[in-house]
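# Secondary and tertiary structure notes
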Amino acid sequence: MAETGGPATPDTALNVTLNDTQEAANATAKFVATPEGTAVAYGSLVIMALLPIFFGALRSVNCAKSKNSSDMPETITSRDAARFPIIASCTLFGLYLFFKIFSQEYINLLLSMYFFILGILALSHTLSPAMNKIFPANIPNKQYQLLFTQGTGETKEEIVNYEFDTKDLICLGFSSVVGVWYLLKKHWIANNLFGLAFALNGVELLHLNNVSTGCILLGGLFVYDVFWVFGTNVMVTVAKSFEAPIKLVFPQDLLEKGLAANNFAMLGLGDIVIPGIFIALLLRFDVSLNKNSRTYFYTSFLAYILGLGLTIYIMHTFKHAQPALLYLVPACIGLPVLVAVIKGELTDMFSYESSAEVMPHTPRLTHFPTVSGSPASLANSMQQKPNSPRRRRTIPSPM
């Protein structure tokens, strides 16, 4: 969801003016964004949305080829894609009820602590490749291991087995500073650093197994986004009440107030990650063709820019929050499919299996058990995990 407007608080939502004098005063006090400020805000949102998609897609290719079990992606199947809009709807409506019933202050306090931890981990993982390149060679890179076990002897079981080094500690330290800044100040720059990290991690580590699954996921969330934005006030209410880095924001009054600006335009992370993982899939398809070309990646990337631009134009024209997926989904699916039809590669596109690139030891479903199946039948349908210790990682997946 994309939206423009100032910060929402209980006071601004509930206060009712008592007379014409108060209404006039409020109208005078209300900030009206200048054309320059609006252009800067919208342009910055577009750039921030493109960065995690572009670099996340590139990193998803390396992630798919990685021989390190700790860097294996999470594969989304058609069944996962079909269920996702239902799960997302239940989560969204549940949050809406929580904000209506319980104190917004305490809910946001709990969510802030949760996203504080996830944000630090996500930002550390995002910075890790850059740190590997700039880390001085004359400084020793020591290895560490954090190991928690349960039981003794033959019954001993690993709970946490996390391996890291000096580079990881530096990334973790910097990310922790950003986390404390966000926790104490809720500053929009700290929010965006975490939001960008979440988005990039999502595009990199969440892999669609094929184009059909991508169409199911994007189609389902197309309906989800349109219904919850146009059909109800739930999406807008949660987005304004939810104080967590699940959206990118940029102030429209930056030119007037500097870093203390507070009249924000916003773009939800879902409008970045969902099209982003489809664009990353098309990049891996390009790589699989071995033609030294990135036709479908650049086509879908251009389609995303056009779709997001149309979203912003309509939002600015009608002064109303817009379901960005309403414009992004047709563009990101339609344009690459059209190019595939013209090039005669439509069959190749829909027969491509991204999961085939994943290492054989990666656990994934090979077939789906029946609804009446037992838990054992589900376990038997999956390939076995390796028994060797591996680095554990929490994959943040913001809503």
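Located above this text is the structure these notes cover.
Summarised in this report is the structure supplied together with it. (Residues numbered from 1 in each chain as written. Predicted model: local features only at pLDDT ≥ 70, side-chain atom pairs only at ≥ 80, totals over all residues. Heavy atoms only, no water.)

### Digging into the packing of helix α11 (residues 270–289) against helix α12 (residues 295–318)
At a closest axis distance of 7 Å, the pairing of α11 and α12 adopts a crossing angle of 160 degrees. Our classification of the angle between α11 and α12 gives roughly antiparallel. Along the contact surface, α11 presents Asp271, Ile272, Pro275, Ile279, Leu282, Leu283, Phe285, Asp286 and Leu289, while α12 presents Thr295, Tyr296, Phe297, Ser300, Phe301 and Tyr304. Per-class residue counts for the contact of α11 with α12 are 11 nonpolar, 2 polar and 2 charged. (Axes fitted to C-alpha atoms, helices over the stretch in contact; angles between N-to-C directions. Helix = DSSP H or I, 4+ residues; strand = E, 2+ residues; numbered from the N terminus. Parallel < 35°, antiparallel > 145°, perpendicular 65-115°, else oblique. Contact = heavy atoms within 4.5 Å. Nonpolar A, V, L, I, M, F, W, Y, C, P; charged D, E, K, R; others polar.)

### Overview of the pattern of salt bridges
The full count for this structure, using the stated rule, is 5 salt bridges. As a salt-bridge pair, Asp80 and Arg83 come within 3.2 Å of each other at their nearest N and O atoms. Of this pair, Asp80 and Arg83 both sit in helix α4 (residues 78–101), 3 residues apart, roughly one helical turn. With a relative accessible area of 42%, Arg83 lands in the partly exposed category. (Salt bridge = Lys/Arg side-chain N within 4 Å of Asp/Glu carboxyl O. Buried < 20%, exposed > 50% of the residue type's maximum accessible area, 1.4 Å probe, protein only.)

### Concerning the pairing of strand β4 (residues 157–165)
Across 8 bridges, the pairing between strand β3 (residues 143–150) and β4 is antiparallel. What sits directly across from Phe148, in β4, is Val160. Hairpin connection between β3 and β4: a loop of 6 residues separates the two successive antiparallel strands, and Gly151 in this loop has a positive phi of roughly 85 degrees. (Pairing = 2+ DSSP bridges.)

### Comments concerning the nonpolar core
Burial of nonpolar side chains together is a common tendency in soluble globular proteins. Counting residues in each nonpolar core, the largest one holds 86 residues, and the members touching the most others are Val238, Phe242, Ile272, Phe278, Tyr304 and Leu308. Among the elements that make up this core, the one with the highest residue count is α11 (11 residues). (Core = buried A, V, L, I, M, F, W, Y, C linked by side-chain atoms within 4.5 Å.)

By themselves, these figures tell us nothing about what the structure is for.
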